[in-house]
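Descriptive structure summary
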Amino acid sequence: PDRTVSTFAGSAGSDGSADGNGAAAQFYLPKGLGVDTTGKVYVADTNNHTIRKISLVGTVSTLAGTAGVAGFANGAGATARFVSPAALTVDSDGNVYVADSAWDSPVRKITPAG
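Predicted, not measured: the structure shown is a model, and the values here were computed from it. (Residues numbered from 1 in each chain as written. Predicted model: local features only at pLDDT ≥ 70, side-chain atom pairs only at ≥ 80, totals over all residues. Heavy atoms only, no water.)

Note that strand 1 (residues 20–21) and strand 5 (residues 59–64) share 2 bridges and pair antiparallel. Looking at strand 5, one finds that Gly 20 is bridged to Val 60. In this structure, strand 4 (residues 50–54) lies alongside strand 5, joined through 4 bridges in antiparallel fashion. Residue pairing for strand 5: Ile 51 is matched across the bridge by Ala 64. Adjacent in sequence and paired antiparallel, strand 4 and strand 5 are bridged by 4 residues, among which Gly 58 carries a positive phi angle near 90 degrees. (Pairing = 2+ DSSP bridges. Helix = DSSP H or I, 4+ residues; strand = E, 2+ residues; numbered from the N terminus.)

Take the nonpolar core next. In this structure, Tyr 42, Ala 44, Ile 51, Leu 63, Ala 64, Ala 80, Phe 82, Leu 88, Val 90, Val 96, Val 98 and Ile 110 together form the largest nonpolar core, which totals 12 residues. Elements supplying a minimum of two residues to this core: strand 3 (41–45), strand 5, strand 6 (87–90) and strand 7 (96–99). Excluding residues that lie within four positions of it along the chain, Leu 63 makes contacts with Tyr 42, Ile 51, Arg 52, Gly 77, Val 96 and Ile 110. One finds Ala 25, Val 41, Ile 54 and Val 60 within the second-largest nonpolar core, a separate group that totals 7 residues. (Core = buried A, V, L, I, M, F, W, Y, C linked by side-chain atoms within 4.5 Å. Buried < 20%, exposed > 50% of the residue type's maximum accessible area, 1.4 Å probe, protein only. Contact = heavy atoms within 4.5 Å.)

The next point concerns the sheet that holds strand 3. Read across the sheet, 5 strands follow the order 1-5-4-3-2 without closing on themselves; strand pairing throughout is antiparallel. Each edge of the open sheet carries a strand with a single partner, namely strand 1 and strand 2 (30–35). Here 5 bridges tie strand 3 to strand 4, and the two strands are oriented antiparallel to one another. What sits directly across from Asp 45, in strand 4, is Thr 50.

With that settled, the discussion passes to the pattern of salt bridges. Tallied over the full model, the rule gives 3 salt bridges. Put simply, Arg 52 and Asp 19 hold a salt bridge, and the shortest N to O gap is 3.0 Å. Of this pair, Arg 52 sits in strand 4 while Asp 19 sits in the segment before strand 1, and the two are 33 residues apart along the sequence. The exposure class of Arg 52 is buried, given its relative accessible area of 0%. Given a relative accessible area of 44%, Asp 19 falls into the partly exposed group. Among the ionic pairs, Arg 108 bridges to Asp 100, the shortest N-O distance being 2.8 Å. You'll find Arg 108 and Asp 100 in the same group, each marked buried. Among the ionic contacts, a cluster of salt bridges with common partners joins Asp 19, Asp 45 and Arg 52. (Salt bridge = Lys/Arg side-chain N within 4 Å of Asp/Glu carboxyl O.)

Here it is as structure tokens:
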């Protein structure tokens, strides 16, 4: 509220993919963000081809996809594949909708169960 800028997760100048707390986490060209009704933040980690989740205390985990593995596949968690996801939103039920850059540019849905 006082316009103070701080880093919530990840660290500047450190591209990669690492789950962890705060500065220990790494992203690679994150683009889209969404927030659920509980305050968890979801990130379209574009160059890692993954969807990441940040807890209220800044713990980053990979919700769907596998870092560095692009493709198009539906499935749970790490078996799902994305091609440069660019944007996302979260509905009131906790479903995450992802604008994927795969061949036909589909909109993908991730349920709260992953």
